[in-house]
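# Fold and geometry: a report
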Amino acid sequence: MTYAITQTCCNDATCIAVCPVNCIHPTPEEPDFGRTEMLYIDPRSCIDCGACADACPVDAIFPADALRPGQEAYAAVNAAFYEDRAPREAPADGPVFHAWGAPAFARSLPSDFGRLRVAVVGTGPAGMYAAEDLLLHTDAEVTLVDRLPVAGGLVRYGVAPDHPATKRIGDTFARLHTHPRVRMYLGVQVGTDVTAEELAAHHDAVVYAVGAAGDRRLGIPGEERAGSVSATAFVAWYNAHPEVAPDAIDLSGTERVVVVGAGNVALDVARVLVADPETLAATDIADHALAALRASAVREVVLLARRGPEDLSCTAPELLALGQLPGVRLVVDDHDPRVWAAVEAAGPRDKAALLRGAVRERVDWARPPGEARRIVFRFHSAPEEVLEGAVRVTGAAGSNGAAGPAEIPAGLVLRAVGYRGLPVADLPFDETTGTVPHTGGRVEGRPGAYVVGWIKRGPSGGIGANRTCAAETVGTLLADAVDGVLPKPTGTARGFDRLARRRARHVVDARGLAAIERAERARGDEAGRPRVKLGTLPELVAAARGRRRAAG
């Protein structure tokens, strides 16, 4: 028996570190690492030890003969990755299963080096991987700062509720919240409550892990109409983000939704819109979103893709899962002869091949959606204008005989064309890329300031990609410390504590965060759900304070 890695793979390489036979690839040392959509287990060399499954932070690894319904295809997906790769030979001598390289300690400080005090701004995956790296490789003290009164970033507010295994990476990060060398200041905004200069004055270095909170625009007429919303806002809405109002999304009277884009976020929102609400009721979806979906008339979601199926921007695991939704048909609009030709020509490893099981249909947009729920891919089509109750889209009119422009009636239009970083207080900013200019994570022209995650490299890569990204940034920071180029702080840890609590109205620490966690899980127990999220800033702050009142 062999093991197989499945859809929820986070690519953080924890499994690789514990594998005794080097059967999981690509490894961080290989060129393909970070470029493949997931990691893969070689069935020819797997010895069925289960170490990888035990170590996986997102429960993505299972015995191949025990894969759950809908996951059986991943045994073949893993094996296919190795079809043209030669098996690795075990060394002829030596007590280990494979040859290990020489140990390397690239991120460390001399034993007699003074203790660093580092602030990490942002408690999403990028920030927490940076904090973990600092805590594991040095004796640094880490100050975690976040503008929201609850930690988690995109793990809490970006991962779809029907992906609970992916959310489990948050448990890995949560153990760092109470680390003896960590201090947490949630509900503190850098640039408003405390300035970037004040934060730097109390720390040897500051690592900004603020992500990409903005969204890319379509740049078409009608984009600002009511009923035209960013997928970023929609995801925040169904995840109970406290800065998105419960009534921000109106699904009443909407039978068809058009989603512009075909990346993973587009697939996430499509799934949530057509999923059985009673299935979602077993997740941590926002109460207001669950109520709206229960009352919703949405039966069809159209995914609008400018290019063809051969250029799909979603990952193969997410596309594979989309075709396995109970009670939901997957349809490919056959409006352009290039579309199905690309599907038929796709090789076994091409994502387009996964659409062969979809229904091929020339969709008549003049007709309302049928009773059955379905997701429709319309390729080679881009939005031209958002109209009242519809969106005008391009076809591919020309000598190939494809259909011309069309109007697709829709009560809601969601743009899912990418996230975008926003300017960070007192740091340089590249408007073109939406990132902070840097060298190996070191912010240009700002000694002691560093970046990690999407604000560093742009909105690319999943959760695990932040681990190697953080390793690079922390390595640069520690090299600067050894070289003596970090500015010496003038303030103390106690001084920053006083400053933050004086300036920020409601500071939540690790104990307050634990109280929020208990409150949400208790609400979940009452409702028969894993948790019921607190969806407003006052609720979150009140829950954190409730811990202190109980303790008193």
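Residues numbered from 1 in each chain as written. Predicted model: local features only at pLDDT ≥ 70, side-chain atom pairs only at ≥ 80, totals over all residues. Heavy atoms only, no water.

What follows is about the sheet that holds strand S17 (residues 390–393). If you trace the three strands from one edge of the open sheet to the other, you get S16-S17-S18, paired in antiparallel fashion. Whereas interior strands pair on both sides, the edge strands pair on one side only; in this sheet they are strand S16 (383–387) and strand S18 (406–409). Between one strand axis and the next, the sheet turns through 20 degrees on average, direction left out of account. Note that S17 and S18 share four bridges and pair antiparallel. (Pairing = 2+ DSSP bridges. Helix = DSSP H or I, 4+ residues; strand = E, 2+ residues; numbered from the N terminus. Axes fitted to C-alpha atoms, helices over the stretch in contact; angles between N-to-C directions.)

Given two aromatic rings, one states the distance between the centres and the angle between the planes to describe the pair. According to the stated counting rule, one finds eight aromatic pairs in the structure shown. A centroid spacing of 5.1 Å and a plane angle of 90 degrees characterise the contact between Tyr129 and Phe173, whose relative ring orientation is edge-to-face. Taken as a pair, Tyr129 in helix H4 (residues 125–137) and Phe173 in helix H7 (residues 169–177) lie far apart in primary sequence, 44 residues in all. For the pair formed by Tyr129 and Phe173, the shared burial category is buried. (Phe/Tyr/Trp six-rings, centres within 6.5 Å; stacked < 30°, edge-to-face > 60°. Buried < 20%, exposed > 50% of the residue type's maximum accessible area, 1.4 Å probe, protein only.)

Our focus in this paragraph is the nonpolar core. Formed by 72 residues in total, the largest nonpolar core has its most connected members in Ile24, Ile41 and Leu116. Ranked by residues supplied to this core, first place goes to H4 with seven residues. Ignoring sequence-local partners within four residues, the contact set of Ile24 consists of Ile5, Cys15, Ile16, Cys19, Leu39, Tyr40, Ile41, Cys52 and Tyr82. (Core = buried A, V, L, I, M, F, W, Y, C linked by side-chain atoms within 4.5 Å. Contact = heavy atoms within 4.5 Å.)

Tracing the sequence through the fold places Thr473 in helix H16 (residues 465–483). With relative accessibility at 1%, the residue Thr473 sits in the buried group. Contact partners of Thr473, with chain neighbours within four places excluded, come to Val207, Gly440, Gly441, Tyr450, Val451, Val452 and Lys456.

At a closest axis distance of 10 Å, the pairing of helix H9 (residues 231–238) and helix H10 (residues 264–274) adopts a crossing angle of 50 degrees. With respect to H10, the axis of H9 lies oblique. In this structure, H9 meets H10 at a crossing whose hand is left-handed. Taken together, the residues of H10 that come into contact with H9 (itself represented by Ala231, Phe234, Val235 and Tyr238) are Val265, Asp268, Val269, Val272 and Leu273. Looking at the contact of H9 with H10 residue by residue, the class counts come to eight nonpolar, no polar and one charged. (Parallel < 35°, antiparallel > 145°, perpendicular 65-115°, else oblique. Left-handed = near helix turned anticlockwise from the far one by under 90°. Nonpolar A, V, L, I, M, F, W, Y, C, P; charged D, E, K, R; others polar.)

Once that is clear, we can look at the side chain of Asn78. In this fold, Asn78 is placed in helix H3 (residues 73–80). Taking relative accessible area as the criterion, Asn78 reaches 1% and is therefore assigned buried. One polar contact links the side chain of Asn78 to the main-chain carbonyl oxygen of Ile5, over a distance of 2.9 Å. Among the polar contacts made by the side chain of Asn78, one reaches the main-chain amide nitrogen of Ile41 at a distance of 2.9 Å. (Polar contact = N/O pair within 3.5 Å; in protein donor to acceptor, adjacent residues only side chain to side chain.)

With that settled, the discussion passes to the environment of Gly214. Note that Gly214 resides in strand S9 (residues 214–215). For Gly214, a relative accessible area of 9% gives the class buried. It is 9.1 Å that separates the C-alpha atoms of Gly214 and Gly434, two residues lying 220 residues apart in sequence.

Each neighbour pair has its own omega, and for His25 with Pro26 the value is -5 degrees, a cis peptide bond. Mapped onto the secondary structure, Pro26 falls in the loop between strand S2 (24–25) and strand S3 (40–41). Located in the positive-phi region is Asn11, a residue other than glycine, with phi close to 65 degrees. For Asn11, the location among the structural elements is in the loop between strand S1 (3–5) and helix H1 (14–18). Not every positive phi belongs to a glycine, and Ala240 is a case in point at roughly 65 degrees.

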